[in-house]
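# Notes for the structure review
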Amino acid sequence: VKILHLREASAELIGCAAEILVKAFRENWPDAWPDLASAEREVADCLAPDRAACRGAFDESTGALLGWIGATPIYDGRVWEIHPLAVDPDFQRQGVGTALVRDLERLAAKAGVLTLWLGSDDENAMTSLAGADLYPDPLAHLAALRDRKGHPFAFYRKLGFALAGVLPDANGLGKPDIFMAKRVG
Ligand SMILES: CC(C)(COP(=O)(O)OP(=O)(O)OC[C@H]1O[C@@H](n2cnc3c(N)ncnc32)[C@H](O)[C@@H]1OP(=O)(O)O)[C@@H](O)C(=O)NCCC(=O)NCCS
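A short tour of the structure in this document, coming up. Note that the structure is a prediction, hence the values are computed from the model and not measured.

### A look at the pattern of salt bridges
Throughout the structure, instances matching the rule amount to 6 salt bridges. Taking the shortest distance from any N to any O, the salt bridge between Asp 88 and Lys 23 comes out at 3.4 Å. Taken together, the positions of Asp 88 in the loop between strand S4 (79-87) and helix H3 (96-110) and Lys 23 in helix H1 (residues 11-26) put the pair 65 residues apart, joining distant regions of the chain. The salt bridge partner of Glu 105 is Lys 182, with a shortest N-O separation of 2.8 Å. Residue Glu 105 is found in helix H3, and its partner Lys 182 is found in strand S7 (residues 177-183); the two are separated by 77 residues along the sequence. Here the salt bridges do not stand alone but share partners, grouping Arg 55, Asp 103 and Arg 106 into one network.

As structure tokens, this is what we get:
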């Protein structure tokens, strides 16, 4: 795959970015981008100059967009928050997500960023944290985190991200947000 700033892509391919967002999140996060219009707004926001990066992975032979990643600077730019990351379901498990995160890490290192950060919601009973009362010790529950049906924390863990926190009930009772972080460089 070839990775470029999404701004360098045609309007048609930028439209594909919105479609990928809807398709990739539909099954497990149906409220994230329920329609094309909400996804188009997200793509436009990611292309804004105040964002740290908005990069697309393109098939080298067909030029098709396979996935994309956005990042926002937080904590005065010392941290970049990854949001969103989506790979076309037809091209998942082929290394596209890895290529996008690695590319972002390279850009973050160049920009002097110390930490990559992300939150990944569990709204669909994908992990052992779903449906549980995480109090009084959310971190004990986090330490015992288990996957049930392909929650992306396992993907990020393979890329060297560490579990860094959990926000109980972020998306409703028993539906937490799981935080992960990685030192850059
Ligand atoms: C999560 C996502 C970005 C991964 O992209 P991908 O291109 O499929 O990932 P890769 O092919 O680079 O996978 C790298 C490794 O992680 C593993 N992996 C990928 N997705 C996984 C998942 N959901 N659960 C467990 N392992 C996963 C792969 O099997 C691979 O392992 P290997 O190196 O041992 O072969 C993609 O599945 C996606 O867009 N999912 C829906 C949206 C989403 O979850 N976004 C992230 C929200 S924070």
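### Description of the packing of aromatic side chains
Tallied over the entire structure, the rule returns 5 aromatic pairs. Ring centres of Trp 117 and Phe 179 lie 5.1 Å apart, and the angle between their planes is 25°; on these two criteria the pair is classed as stacked. Taken together, the positions of Trp 117 in strand S5 (residues 115-121) and Phe 179 in strand S7 put the pair 62 residues apart, joining distant regions of the chain. For Trp 117, a relative accessible area of 25% translates into the label partly exposed.

### Remarks on the nonpolar core
The biggest cluster of nonpolar side chains holds 31 residues, and the ones touching the most others in it are Trp 80, Ile 82, Leu 104, Leu 116 and Phe 161. Residue assignment for this core shows that the elements contributing at least two residues are strand S2 (53-58), strand S3 (65-74), S4, H3, S5, helix H5 (153-158) and S7. The element that contributes the greatest number of residues to this core is H3, accounting for 6 residues. When near neighbours in sequence (up to four residues on either side) are disregarded, Leu 116 contacts Trp 80, Ile 82, Leu 104, Glu 105, Ala 108, Phe 161, Met 180, Ala 181, Lys 182 and Val 184. In terms of nonpolar packing, the next biggest core, distinct from the first, is built from 22 residues, Ala 9, Leu 13, Ile 20 and Ala 39 among them.

### Structural notes on the environment of Thr 98
Within the secondary structure, Thr 98 sits in helix H3. For Thr 98, a relative accessible area of 29% corresponds to the partly exposed category. Residues within four places of Thr 98 in sequence aside, it is in contact with Phe 155 and Leu 159.

### Focus: unusual backbone geometry
Cis geometry marks the peptide bond from His 83 to Pro 84, where omega comes out at -10°. Mapped onto the fold, Pro 84 is located in strand S4. Cis geometry is found at the peptide bond from Tyr 135 to Pro 136, where omega equals 5°. You can see Pro 136 is positioned in the loop between S5 and helix H4 (138-143).

### Looking at the packing of H1 against helix H2 (residues 36-46)
For the pair H1 and H2, interaxial distance at closest approach is 8 Å and the crossing angle is 120°. Accordingly, the angle class assigned to the pair H1 and H2 is oblique. Helix-helix and strand crossings are classified by hand; for H1 and H2 the assignment is right-handed. Only Leu 36, Ala 39, Glu 40, Glu 42 and Val 43 of H2 make contact with H1, whose side of the interface consists of Ile 14, Ala 17, Ala 18, Glu 19, Leu 21 and Val 22. Grouping the amino acids of the contact of H1 with H2 by side-chain chemistry returns 8 nonpolar, no polar and 3 charged.

### Comments concerning the site of the ligand
Around the ligand sit 21 residues in total, of which Arg 93, Gly 95, Gly 97, Thr 98 and Gly 150 are the nearest. Between the ligand and Gln 94 there is a distance of 3.1 Å, counted from an oxygen atom to a backbone nitrogen or oxygen. Elements that contribute at least two residues to the shell around the ligand include exactly H1, S4, H3 and H5. Among the residues forming the shell around the ligand, the class breakdown is 11 nonpolar, 8 polar and 2 charged.

What counts and what doesn't
- Residues numbered from 1 in each chain as written.
- Predicted model: local features only at pLDDT ≥ 70, side-chain atom pairs only at ≥ 80, totals over all residues.
- Heavy atoms only, no water.
- Salt bridge = Lys/Arg side-chain N within 4 Å of Asp/Glu carboxyl O.
- Helix = DSSP H or I, 4+ residues; strand = E, 2+ residues; numbered from the N terminus.
- Phe/Tyr/Trp six-rings, centres within 6.5 Å; stacked < 30°, edge-to-face > 60°.
- Buried < 20%, exposed > 50% of the residue type's maximum accessible area, 1.4 Å probe, protein only.
- Core = buried A, V, L, I, M, F, W, Y, C linked by side-chain atoms within 4.5 Å.
- Contact = heavy atoms within 4.5 Å.
- Axes fitted to C-alpha atoms, helices over the stretch in contact; angles between N-to-C directions.
- Parallel < 35°, antiparallel > 145°, perpendicular 65-115°, else oblique.
- Left-handed = near helix turned anticlockwise from the far one by under 90°.
- Nonpolar A, V, L, I, M, F, W, Y, C, P; charged D, E, K, R; others polar.
- Near = heavy atom within 4 Å.
- Polar contact = N/O pair within 3.5 Å; in protein donor to acceptor, adjacent residues only side chain to side chain.

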